[in-house]
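# Inside the fold
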Amino acid sequence: MKFDISSAAEDIPVKIRANDLKFIEGTTLVEATGSAEVEFKGTTIYADRLLLDSESNLATAEGHVRIVTGDYQAGSSLLTFNASDETSVLNDFTARLFPQGIKGPVDVSAREMTDLKYEMIGRQGAANTCGNQTTHYQATASKIEIYPGGKLVAYNMTLFVGGLPVFWLPYYIRDSKKQEQRNWTFGHNEVEGDFVKSTWSYPLGLLYLDDMEKKGVGLGTLNYYSLLGLGAGSLY
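As a further point, take the pattern of salt bridges. Two side chains bearing opposite charge may form a pair once their charged atoms approach each other closely. On inspection of all chains with the given rule, the structure shows 7 salt bridges. Between Glu31 and Arg49 there is a salt bridge whose closest N-O contact spans 2.7 Å. Of this pair, Glu31 sits in strand E3 (residues 29-40) while Arg49 sits in strand E4 (residues 43-53), placing them 18 residues apart in sequence. Salt-bridge contacts for Arg49 lead to Glu62; the nearest nitrogen and oxygen are separated by 3.1 Å. You can see Arg49 sitting in strand E4 and its partner Glu62 sitting in strand E5 (residues 58-68), a full 13 residues away along the chain.

Attention now moves to unusual backbone geometry. Backbone geometry at Asp92 places phi at a positive 50 degrees, although glycine is not the residue there. Position of Asp92 among the secondary structure elements: in strand E7 (residues 87-97). The exposure class of Asp92 is partly exposed, given its relative accessible area of 46%. Even without being a glycine, Lys117 presents a positive backbone phi close to 75 degrees. Relative to the assigned elements, Lys117 resides in the loop between strand E8 (106-115) and strand E9 (120-128).

To continue, consider a nonpolar patch on the surface. Nonpolar side chains collect at one region of the surface, where Leu209, Val217 and Leu219 lie side by side and expose about 300 Å² of accessible area between them. If you trace the backbone, Leu219 turns up in strand E16 (residues 216-227).

The next subject is the side chain of Thr114. Along the chain, Thr114 turns up in strand E8. When sequence neighbours within four positions are dropped, the list of residues in contact with Thr114 reads Ser88, Val89, Glu119, Met120 and Ile121.

This part is about the pairing of E7. Where strand E6 (residues 73-82) and E7 come together, 7 bridges link them in antiparallel fashion. Counterpart to Thr80 in the pairing with E7 is Val89. The hairpin formed by E6 and E7 contains 4 residues between the paired strands, and Glu86 there has a positive phi angle of roughly 60 degrees. Of the strand pairs in this sheet, E7 and E8 are connected by 9 bridges, and their pairing is antiparallel. Of the residues in E8, the one forming a bridge with Val89 is Thr114.

Definitions and limits used
- Per chain, residues are indexed from 1 in the order of the written sequence.
- This being a predicted model, a pLDDT of at least 70 is required before a residue's local features are given, and a value of 80 or more before pairs of side-chain atoms are given or counted; all residues contribute to the totals for chains, interfaces and linings.
- Excluded from the side-chain calculations are hydrogens and water; all other atoms, namely the structure's heavy atoms, are used.
- Any Lys or Arg side-chain nitrogen located within 4 Å of an Asp or Glu carboxyl oxygen qualifies as a salt bridge.
- Numbered from the N terminus, helices here are DSSP runs of H or I no shorter than four residues, and strands are runs of E no shorter than two.
- Only protein chains enter the accessibility calculation, which uses a 1.4 Å probe; a residue whose area is less than 20% of its type maximum is buried, one above 50% is exposed, and one in between is partly exposed.
- Nonpolar side chains (Val, Leu, Ile, Met, Phe, Trp, Tyr) are joined into patches within 5 Å and like charges within 9 Å, using only residues with over 30% relative accessible area and no salt bridge.
- Each accessible area is a Shrake-Rupley result for a 1.4 Å probe, and residues are judged covered by the shown protein chains and nothing else.
- Here, two residues are considered to be in contact whenever any of their heavy atoms come within 4.5 Å of each other.
- Strands were regarded as paired on the criterion that DSSP finds at least two bridges between them.

This is the structure in structure tokens:
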């Protein structure tokens, strides 16, 4: 794909709208300012200022940046988009995602997010599912990877509940296709206060690990058994 401002590419049209659109003399650059918008192949970028280079196939957006794709909508302070391979780098990334297997939205932020189409890689990231309510908990990580289908990998992850760090993991993997292995619930209520509740699988069954602001730490297990002549069951 090429940025062709004078006549859009035959197979993949490029649409540009702005209050002011100009070619920079002596260069291959086109500058769009004032409610700028560029749309191509299912991706739309909105910004105060867009700079498109038809030679390098790079688009740079700054000022109230929003990117809308078929998979997500996000905000950024600065975005660089490579039209050749359709990858992008977003600084000060913020987005509301709806992963499979999680009830409600997940608000994700990162100092830098790289969208490689087949995965997203974030640096200095954070996430919570508090929605528009007060943030009762937050998970932070030095690096996060998001894959299609709801799989997430976080490295050097710290979980904060009520603003206080409650535990740290060298890495965390959540795969919505394997919910029984690791299942996390975060929230707040009058009885327990801010809480995080987790379920972990191990060879004999499930291990429950909870941390509640008003009740403290809770531990429990669910063990599966099979007795000859008596059948199978579970013991909690």
